[in-house]
Amino acid sequence: MGVKYDFKIESLEVLNEKMSGTSKIRSIVEEYGEEAYYKGILCLGQLKTLFGEPLYTTEDLEDQYAYCISAADEEGKRIYLHVYSGPSGPAIGGNRDADSRQAADELAELITGAEAADYDYEGYYMDGPVAVKMGVRNGEPYTEEKEIAEEEFAELCKKLYGLGE
């Protein structure tokens, strides 16, 4: 059946050290459309169930959260994976080799099979500009979106990117 991995969360320092120069290996939710969008919302709740709080969260929906997860095989070989939600939704990054891809596939299966913890998130989709509230309540994903005014968007750009100062 293949290699079985033992997954554990690592620190932000490990993320910065080990994930430099890596890229997206795969999406966590492989399908597209509205159902996939709601499955993507579940991912953060599923990750919280499995690994606790992310290493960071931001108000920028295209850099919503990140985890650094190590995958140890039976021989003790360790592979590092970057689990995040970016512009294309929840994804797993790492080295582009067969071992990393195999570990990412197993991790994605583990994540999507987990119960989702309840959470609430408020952030912004900057291309909109849209304010987004999303999360999980009693195992069910929810989302609310509201277009934001030009003045609020300008303030948000200052806050998130230091633009317009």
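Reading the values: the criteria
- Residues numbered from 1 in each chain as written.
- Predicted model: local features only at pLDDT ≥ 70, side-chain atom pairs only at ≥ 80, totals over all residues.
- Heavy atoms only, no water.
- Helix = DSSP H or I, 4+ residues; strand = E, 2+ residues; numbered from the N terminus.
- Buried < 20%, exposed > 50% of the residue type's maximum accessible area, 1.4 Å probe, protein only.
- Areas by Shrake-Rupley, 256 points an atom, 1.4 Å probe, with all protein chains shown as cover.
- 1 Å grid on protein atoms, 1.4 Å probe; cavity = no way out; pocket = protein on both sides within 12 Å on 5 of 7 lines; lining within 4 Å.
- Points joined across faces, edges and corners; volume = space filled by probe spheres on them.
- Nonpolar A, V, L, I, M, F, W, Y, C, P; charged D, E, K, R; others polar.
- Phe/Tyr/Trp six-rings, centres within 6.5 Å; stacked < 30°, edge-to-face > 60°.

Trainee: What is the right way to read the overall build of the chain from this model?
Mentor: Counting secondary structure elements, the chain contains four helices and nine strands. From first element to last, N terminus to C terminus, the chain shows the α and β order β-α-β-α-β-β-β-β-α-β-β-β-α. Seen along its three principal axes, the alpha-carbon backbone of the chain occupies a region of about 55 × 35 × 25 Å. Counting every position in the chain, which comprises 165 residues, the buried fraction comes to 44%. Element-wise, carbon and sulfur atoms account for 46% of the exposed surface of the chain, whose accessible area totals about 9,200 Å².

Trainee: What's the story with the layout of surface pockets in this structure? I'm lost.
Mentor: Remark: the empty space left among the atoms is shown by a probe the size of a water molecule rolled over them. The volume enclosed by the largest pocket comes to roughly 550 Å³. Forming the boundary of the largest pocket are 28 residues, of which Y37, P87, S88, G89 and P90 lie nearest the centre. Among the secondary structure elements, those contributing two or more residues to the lining of the largest pocket are β2 (23–27), α2 (34–51), β5 (78–86), β6 (89–94), β7 (119–125) and β8 (130–137). At five residues, the largest contribution of residues to the lining of the largest pocket is made by α2. Classifying every residue of the lining of the largest pocket gives 15 nonpolar, eight polar and five charged.

Trainee: Please explain the packing of aromatic side chains as it appears in this structure.
Mentor: Describing an aromatic ring pair means giving the distance of the ring centres and the angle of the ring planes. Taken as a whole, this structure holds four aromatic pairs when the rule is applied. Ring plane angle 80° and centroid distance 5.7 Å describe the contact between Y37 and Y38, whose orientation is recorded as edge-to-face. Relative accessible area serves as the criterion here: at 32%, Y37 is assigned to the partly exposed category. Geometrically, the ring pair formed by Y65 and Y67 is edge-to-face, given 6.2 Å between the ring centres and 75° between the ring planes. Comparing Y65 with Y67 shows no difference in burial state: the two are buried. Joined through ring pairs, the aromatic side chains of F51, Y65 and Y67 make up one cluster.

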